[in-house]
Amino acid sequence: MAETKGKFDFAIDRGGTFTDVFARLPDGRERVLKLLSRDPQNYKDAPTEGIRRVLEEETGKAYPRDQPVDTSLIGWIRMGTTVATNALLEREGERTALLVTKGFKDLLHIGTQARPKLFDLEVAMPDVLYEEVIEVDERVVLRQDGSTGDSLELWKELDLEQVEKDLRGVLSRGITSLAVLLLHSYTWSEHEKAVGSLARRLGFSQVSLSSEVMPMVRAVPRGYTVCADAYLTPKIHQYLKGFTSGFKDGLKDVDVLFMQSDGGLTPMEQFCGSRAILSGPAGGVVGYAITSYSQMEKKPVIGFDMGGTSTDVSRYAGQYEHVFEATTAGVTLQAPQLDINTVAAGGGSRLFFRSGMFVVGPESAGAHPGPACYRKGGPLTVTDANLALGRLIPSFFPKIFGPKENEPLSLEETTKHFHQLTEEINVFLSSNQSQMSMEEVAMGFIRVANEAMCRPIRALTQAKGHDTSQHVLACFGGAGGQHACAIARSLGMKTVFIHKYSGVLSAYGLALADVVEEVQEPCSLQYEPASFSELDQRVEQLSKRCRDTLCARGFTSGQITTEVFLHMRYEGTDCALMVTAAGYPSNARSCRAGDFRSAFTKRYLKEFGFTIPDRPIVVDDIRVRGCGKSGITSVYKAEMGHRQAKPITKCYFEGGYLDTSVYLWEELPCGHSIQGPAIIIDKNSTILVEPCCEARLTEGGDVCMTVGSDPHCALGTELNTVQLSIFSHRFMSIADGQSSAKNFHLHEHQGATRLLLCCVWTGWRSGVQRASHPRPPGSHARDCPVPGEPSPRPHSDHTGQSTKSEQPCVLCGQQGAPRRHRWHHSRLHGAVFTSFKLVTGGVFQEEAVTEALMAPAQYPGCSGTRNLHDNLSDLRAQVAANQRGSQLVGELIDSYGLAVVQAYMGYIQSNAELAVRDMLRDFARRRRQETGSLEVESEDFMDDGTPIRLRVQINEEEGSAVFDFTGTGTEVWGNCNAPRAITLSALIYCLRCMVGQDIPLNQGCLAPINVIIPPGSILQPSQNAAVVGGNVLTSQRVVDVIFKAFEVCAASQGCMNNISFGSEKIGYYETVAGGAGAGPGWNGRSGVHTHMTNTRITDPEILEKRYPVVLEQFSLRPGSGGAGKYRGGDGVIRKLLFRNKVVLSVLTERRSTRPYGLRGGDDGVAGLNLLHRAKGRVLNLGAKTSVSLEPGVRLCCAPGGGLGWRWGGSRSHESEPERQNDRRSYSVHKGLERNDNMRKQCRQISDAFKARTAQLS
């Protein structure tokens, strides 16, 4: 496929708001055009209209809008479109039915069972894409005979007669799109193909088979992907039909290609929904990668695409970086996609001032009403801040604003809104702080927005071991040029590149992209010499398929390249990496395609901080990507312009207003340099050249900026509200960059750090230490933190937490486990560490660690660690994470100084304290008005009858409270005792939920709280008490009691439902979801983890692939949620069939006590654990037990649901406005009230920090 001669070539990006057109003319010139994507009064389709306009204007020939466009002068058309993305976001796809293996009708509703936002009590998740579900009674399982690869057993044949009846019923209800998901079809697709053939014969217009859409193991993401394909592909075909109808002969003789999510082009007839989600953004990535990356310098590039509602960032270092599982609009797709990170900060992001912090987004003003300056009554946004600072000049913008869309940008509206916000901020500031001007406030929001956009860039670089400063920032999109210099400077980058087509770079990238053909198939071979012959053969077969397909599309063999990828992981792990052998040539110890072992281990070490040298490496999938090089390059040189001086304007920077020159990009000659401050204006964008920066026009007319150092402005230790917001983002970036040692989904650790460090630092003054004793940190041994200071920098310690490699406490793979529950800490996890020095003098103490981990074997009936190698690997990873965290904190100290960093660490804690005090004051005020009392109390019970009692006394004036657990039951004989830190963790979680705003989670939340826990109780047991159940069960009951006292929401299922099984060879552990409680204005979510856990559950296919078990059912438990005006969510039913002898242990709660409803809502159904033995015998296992099982026995775990919420009396039939008022009235946080107390609050942050510092010293 070569460049077309003497014809017009078009590359078009159809976005949600604008459509960008890049046209290459027959004489070699280039044109760009931007028009509205929807303008029904003037044209039916924007891409067609763009092509028509260019043809008409360049040829001088009329191309009437009401007639199909003549295609005789069109060479090719390349398009990217957001049609699929918008249909997914707006849920406007085709009516779809899902056909799935029997027992799994709710599999995609439950998904991973994790909730997206940890602290939102209303678990809001997008609905599934299908309308109806057909369960098919068929079953294929994997053999477990030690054979290589995925050999199968057919347990249940497909009944096509019954399937036909079910499909006809669906068709009769008007559903013509079908998604098919049968378990293990990734490796054996015969049943899916039979269903597909039948469905097409019956008249389904769209049939998507998971085995064809994405043949990869893991049923849940594959199911989401096939549903998205069935849901979206008809909409794409519908759009394509309308698009082609605008041309003569339906574009029959024109080469039409569409951009896929992976950055490659595909023929129009093969463009499908599952590969179209990132069709638009992908063009921009290709555009900046080809135009910004230098093959000579090989300096990696960060793409920065700032739009109206969000900002996309990506990285290119000579190869496109792909991910194979990503979530868009709540749908997780298992398909190759460019690795694009999105942050909710753009030109339309709204500006807020909350509890002493400047907040940007995530809410957006949208296109309507838009920013305040759009004259439609919109709120303040980032665009308004740029306008207020003089960085946008209204006279250079078209007059398209206001109700009639005929007015310029309104500086007056922006200024009015900023004056109001500035007044509010100055009221908040204490008397000892200087007041802020309007410009300082606007500048503060710009700085916070910039830091928010820096965070995903740091995640793309620091978190993956790359030096952020050694990158070029490639800026495109309409709004990015205003922020490019500041962001590059903040990240330490020295160069910013802005292409001449930056405003339409996604369209330009389409013209430069390759045509791609990808094929993939499952493998399940070990990467070892014995498998190389088969690997080589399969790679060659897939490569030939790619080459043949591209040759059929007109490419010559010289234009075709192929690249081989192996999806690899260490045996027994889930961390699979899609690896290319580029840069690792084949040798005698590798397959012919390259040295994949070296490539895999190097990347694994970079991403996870360790390798497992003696562990076999498994190849899950083979993927070949073929590229047809289009041969299209941009050789057009920019014309030499003549610089014309424009009026000098005033722009506000950190030092105040500065004279700023204004230039039109099109008038600047190539090679011309501009010293900042300056503004360069293009038709589609505005570039701000900040002071100490220089912009130069390249030979091609692009802008290359050199970013100089900002004049040093020392920051003091006194509180600065803008800097407080910036430090909040910086601290979270450090947490992101620490990468491998995080358990943020496990809230039971949130209160442990303070108690842990009190114990740890009394030992050694430096080094890396391990502390997993349950009493000081109050956790359980497998999730032990590893605090330390690997570097010699003083006072830069960073605390991390481990990953999980050991199995949970209830099961050790031996009989009689329940009798050893009280020995939990030494029996299961290998050792107890009050404080243990892991690294001394930079040397990992492997011998001493190994001895300690194996020490429990000396006790009768106990053993040392079962997985020493993984334990050591985990510890090394944590040490590496600590080292990385220490380095990042050190860089922060280098930038600001130790005293400033420490001061803002204190201010961040004080800000959290302030937010909690605000919440308590607001609750106390409403409580006093309703009842006249400032006390609340509640009680709930464990299954053994142990009470958990709470009495809360609130001081309204101080915004403080006493949480008194006096009356709680005594320490118990079993393992449900909860150390004090578990209660503190539950309390922090509850406070953060009730605050209702995004605050950094830290120990400051507990500063206004006095917690009283009676010694010897179940919440503060003796040192040798067994505690694992306290961690996973009692913590949930503490949450229930707190929320019941504050009447926040009805109880959720109240359990983590711990199931574990194993033998001498294997061990497996999972927690099972249930129902979430309802609240004022919302129904509880069904089949989801709640409160103190958010762990994902193992995918059914992975579970059956690695363990001797068959998952027979995983679905919702209908009717188990409590009734009420707002209904509690249903629990689940999970049935396991064991294929080998195992020891099964269950550790659960809410099997005899039922969760509570609130305000008249009904209680939920209790959970149930049943054992189905041979010959139909059924046993109730109770809440906690361990039992040896023979093959063929089944476990049915049925957690209960959440509870209902219902108003009594006349409010039982309230209207929707009243319903929304319920949400506001019973949301504990209502935002800051403007009263005299606001003058004191900023002083309180500073005073609280000083008091805490004095106390520590």
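All figures in this text were calculated on a predicted structure; none of them were measured in a lab. (Residues numbered from 1 in each chain as written. Predicted model: local features only at pLDDT ≥ 70, side-chain atom pairs only at ≥ 80, totals over all residues. Heavy atoms only, no water.)

Draft legend 1. Up close: the overall build of the chain. Along its length, the chain carries 26 helices and 52 strands. Here the chain holds 1257 residues, and 60% of them are scored as buried. The contacts of the chain with a sequence gap of at least 6 include a subset with a gap of at least 24, amounting to 71%. Looking at the chain as shown, the accessible area adds up to about 48200 Å², and 49% of this sits on carbon and sulfur atoms. (Helix = DSSP H or I, 4+ residues; strand = E, 2+ residues; numbered from the N terminus. Buried < 20%, exposed > 50% of the residue type's maximum accessible area, 1.4 Å probe, protein only. Contact = heavy atoms within 4.5 Å. Areas by Shrake-Rupley, 256 points an atom, 1.4 Å probe, with all protein chains shown as cover.)

Draft legend 2. Examining the nonpolar core more closely. By size, the foremost hydrophobic cluster in this structure holds 119 residues, and its most contacted members are F10, I77, F1138 and L1144. Per element, the largest residue contribution to this core is 13 residues, and it comes from helix α7 (residues 219-244). When residues no more than four places from it in sequence are discounted, the contact partners of F1138 are F1061, P1108, V1109, L1144, L1189, P1191, G1192, V1193 and L1195. Counting residues in hydrophobic clusters, the runner-up holds 63 residues, among them F353, F418, A452 and M705. (Core = buried A, V, L, I, M, F, W, Y, C linked by side-chain atoms within 4.5 Å.)

Draft legend 3. Representation of helix α23 (residues 1028-1046) within the structure. For α23, spanning 19 residues, the distance from its first C-alpha to its last is 28 Å, which sits close to the expected 27 Å at 1.5 Å a residue. The largest bend in α23 is about 40°, located at T1034. Just downstream of α23, E1047 is the residue with a positive phi angle, here 50°. (Expected span 1.5 Å × (residues − 1). Bend = angle between axes of the 7 residues up to and from the residue.)

Draft legend 4. Geometry of the pairing of strand β7 (residues 139-142). The side-chain alternation of β7 yields two buried faces, one formed by R139 and V141 and the other by V140 and L142. Two elements, β7 and strand β8 (residues 152-156), share four bridges in a ladder whose sense is antiparallel. By the bridge assignment for β8, V141 is matched with E153. (Pairing = 2+ DSSP bridges.)

Draft legend 5. How the structure looks around the packing of helix α22 (residues 980-995) against α23. Their axes nearest at 9 Å, the elements α22 and α23 cross at an angle of 40°. In terms of orientation, α22 and α23 fall into the oblique class. As for the relative orientation of α22 and α23, their crossing is right-handed in sense. Note on element contacts: α23 touches α22 through G1030, N1031, S1035, V1038, V1039, I1042, F1043 and F1046, opposite I982, T983, A986, L987, Y989, C990, C993 and M994. Its residues placed into classes, the contact of α22 with α23 shows 12 nonpolar, four polar and no charged. (Axes fitted to C-alpha atoms, helices over the stretch in contact; angles between N-to-C directions. Parallel < 35°, antiparallel > 145°, perpendicular 65-115°, else oblique. Left-handed = near helix turned anticlockwise from the far one by under 90°. Nonpolar A, V, L, I, M, F, W, Y, C, P; charged D, E, K, R; others polar.)

Draft legend 6. The sheet that holds strand β14 (residues 311-316), seen in detail. Strands sit in the order β19-β14-β13-β22-β23-β34-β33-β30 across an open sheet of eight strands; the sheet is mixed. Of all strands in the sheet, those with a lone pairing partner are β19 (341-343) and β30 (673-675), marking the two edges. When the angles between neighbouring strand axes are averaged without regard to direction, this sheet yields 20°.

Draft legend 7. Structural view of the environment of R200. Note on placement: R200 falls in helix α5 (residues 190-202). In this structure, the C-alpha to C-alpha distance between R200 and T176, residues 24 residues apart in sequence, is 9.8 Å. Not counting residues within four places of it along the chain, the set of residues in contact with R200 comprises V207 and E212.

Draft legend 8. Region of interest: the pattern of salt bridges. Counting across every chain of the model gives 55 salt bridges. Between K500 and E30 there is a salt bridge, with its nearest N and O atoms 3.9 Å apart. On the criterion of sequence distance, the pair formed by K500 in the loop between β23 (495-498) and α13 (505-512) and E30 in strand β3 (residues 30-36) is long-range, its members being 470 residues apart. Residue R139 pairs with E1104 through a salt bridge whose shortest N-O separation is 2.4 Å. With R139 in strand β7 and E1104 in helix α24 (residues 1100-1106), this pair connects stretches of sequence that are 965 residues apart. Sharing partners across several salt bridges, the network here consists of D940, R1037, D1040, E1149, R1150 and K1184. (Salt bridge = Lys/Arg side-chain N within 4 Å of Asp/Glu carboxyl O.)

Draft legend 9. Region of interest: the side chain of Q113. Residue placement: Q113 occurs in the loop between α3 (107-110) and β6 (132-136). Sequence-distant contacts of Q113, that is, excluding residues within four places in its chain, are made with T1071, V1072, A1073, G1087, V1088, H1089, N1094, T1095, R1096, I1097 and F1114.

Draft legend 10. Helix α8 (residues 279-292), seen in detail. Taking 1.5 Å per residue as the helical rise, α8 with its 14 residues ought to reach 20 Å, and the 20 Å between its terminal C-alpha atoms agrees with that figure. Buried residues of α8: S279, G280, A282, G283, G284, V285, V286, G287, Y288, A289 and S292, and no others.

Draft legend 11. Molecular detail of the packing of aromatic side chains. Applying the stated criterion across every chain yields a total of 30 aromatic pairs. Note on F258 and F271: the rings are 4.9 Å apart at their centroids and 25° apart in plane angle, and the pair reads as stacked. Here F258, found in strand β11 (residues 255-259), pairs with F271, found in the loop between β12 (265-267) and α8; they are 13 residues apart in sequence, far enough to count as distant. Here the aromatic rings of F727 and F731 are separated by 5.6 Å at their centres, their planes lie at 40°, and the arrangement is tilted. Pair noted here: F727 and F731 are both in helix α16 (residues 721-738), with a separation of four residues, about one helical turn. Residue F727 shares its accessibility class with F731, and that shared class is buried. Counting every residue linked through ring pairs, the aromatic cluster contains F353, F358, F428 and F445. (Phe/Tyr/Trp six-rings, centres within 6.5 Å; stacked < 30°, edge-to-face > 60°.)

Draft legend 12. Inspection of the pairing of strand β24 (residues 515-526) at higher detail. Within β24, 10 of the 12 residues are buried, which leaves it mostly tucked inside the rest of the structure. The pairing of β24 with strand β27 (residues 617-628) spans 10 bridges and is classified as antiparallel. Looking across to β27, one finds that L525 is bridged to V619.

Draft legend 13. Unusual backbone geometry, seen in detail. Residue G676 is joined to P677 through a cis peptide bond whose omega torsion reads 5°. Here P677 is to be found in the loop between β30 and β31 (678-681). One non-glycine residue, E1047, adopts positive backbone phi at about 50°. The residue E1047 is located in the loop between α23 and β44 (1058-1062) in this model. On the basis of relative accessible area, E1047 is assigned to the partly exposed category, the value being 25%. Of note in the backbone geometry, R1150 takes a positive phi value of approximately 60° without being a glycine. Structurally, R1150 can be placed in the loop between β48 (1142-1147) and β49 (1168-1172). Residue R1150 is classed as buried on the basis of its relative accessible area, which comes to 2%.

Draft legend 14. Empty space enclosed by the protein, seen in detail. In this structure the tally under the stated criterion is eight cavities of 30 Å³ or more. In this structure, the second largest cavity spans a volume of roughly 80 Å³. If you trace the second largest cavity, you find it lined by R115, D120, L121, V123, Y989, C1049, S1052, A1076, G1077, H1089, T1090 and H1091. Split into classes, the residues belonging to the lining of the second largest cavity amount to five nonpolar, five polar and two charged. The residue makeup of the lining of the second largest cavity includes at least three contributed by each of domain 1 (1-147 + 159-277) and domain 5 (1054-1206). (1 Å grid on protein atoms, 1.4 Å probe; cavity = no way out; pocket = protein on both sides within 12 Å on 5 of 7 lines; lining within 4 Å. Points joined across faces, edges and corners; volume = space filled by probe spheres on them. Domains from an automatic or database assignment.)

Draft legend 15. Main features of the packing of α8 against α13. Where α8 contacts α13, the axes come no closer than 7 Å and their chain directions differ by 70°. Viewed along their axes, α8 and α13 adopt a mutual orientation that is roughly perpendicular. Here α8 contributes G280, G283, G284, V286, G287, Y288, I290 and T291 to the contact with α13, which in turn contributes L505, S506, Y508, G509, L510 and L512. Looking at the contact of α8 with α13 residue by residue, the classes come out as seven nonpolar, seven polar and no charged.

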